[in-house]
Amino acid sequence: WLSLFLAFILGITTGIFYFAGLWLTVKRVTKITKPYLLLILSFFIRLSIILPIFYVVFKDNSLNILPCVGGFFLVRFISLNIVSQKPDQQRLEKS
């Protein structure tokens, strides 16, 4: 059970890294002259970091990949909900 829990935590951490990097990329893409280079470079950097992590988790025990990917997609779901909120909802929640 401990390895499954650690895989889940690693998936959450990996998801936070991946989607925070994506968010930073999207924020900066409007401020540069060649946005496609930034998007491609950011994608490959994020992918080159998370794929080895998933590989190590899968290599240890093939069942560990399920909670790892589950944690990753949990962060995706939460980040989509945060980003897709309307500005009025964000202001109400801050007050």
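Whatever comes next refers back to the structure up there.
Keep in mind that what you see is a predicted model, and the values were worked out from it rather than measured. (Residues numbered from 1 in each chain as written. Predicted model: local features only at pLDDT ≥ 70, side-chain atom pairs only at ≥ 80, totals over all residues. Heavy atoms only, no water.)

1. Here's the deal with helix α1 (residues 2–28)
For step 1, the next point in the chain: End to end, α1 covers 39 Å across 27 residues, agreeing with the expected 39 Å (1.5 Å per residue, within 8%).
For step 2, the next point in the chain: Among the residues of α1, A7, G11, T14, G15, Y18, F19, G21 and T25 are the ones counted as buried. (Helix = DSSP H or I, 4+ residues; strand = E, 2+ residues; numbered from the N terminus. Expected span 1.5 Å × (residues − 1). Buried < 20%, exposed > 50% of the residue type's maximum accessible area, 1.4 Å probe, protein only.)

2. Remarks on the nonpolar core
For step 1, the next point in the chain: Listed in full, the ten residues of the largest apolar core are A7, Y18, F19, I50, F54, V57, I65, C68, F72 and V75.
For step 2, the next point in the chain: At four residues, the largest contribution of residues to this core is made by helix α3 (residues 65–83). (Core = buried A, V, L, I, M, F, W, Y, C linked by side-chain atoms within 4.5 Å.)

3. Looking at a nonpolar patch on the surface
For step 1, the next point in the chain: Together, W23, L24, L74, F77, I78, I82 and V83 make up an exposed nonpolar region whose accessible area comes to about 690 Å².
For step 2, the next point in the chain: Within the residue set of the nonpolar patch, elements represented by two or more residues are α1 and α3.
For step 3, the next point in the chain: Here the element with the most residues in the nonpolar patch is α3; it accounts for five residues.
For step 4, the next point in the chain: Take L74: it is sitting in helix α3. (Patch = residues over 30% accessible without salt bridge, like charges linked within 9 Å, V, L, I, M, F, W, Y side chains within 5 Å. Areas by Shrake-Rupley, 256 points an atom, 1.4 Å probe, with all protein chains shown as cover. Salt bridge = Lys/Arg side-chain N within 4 Å of Asp/Glu carboxyl O.)

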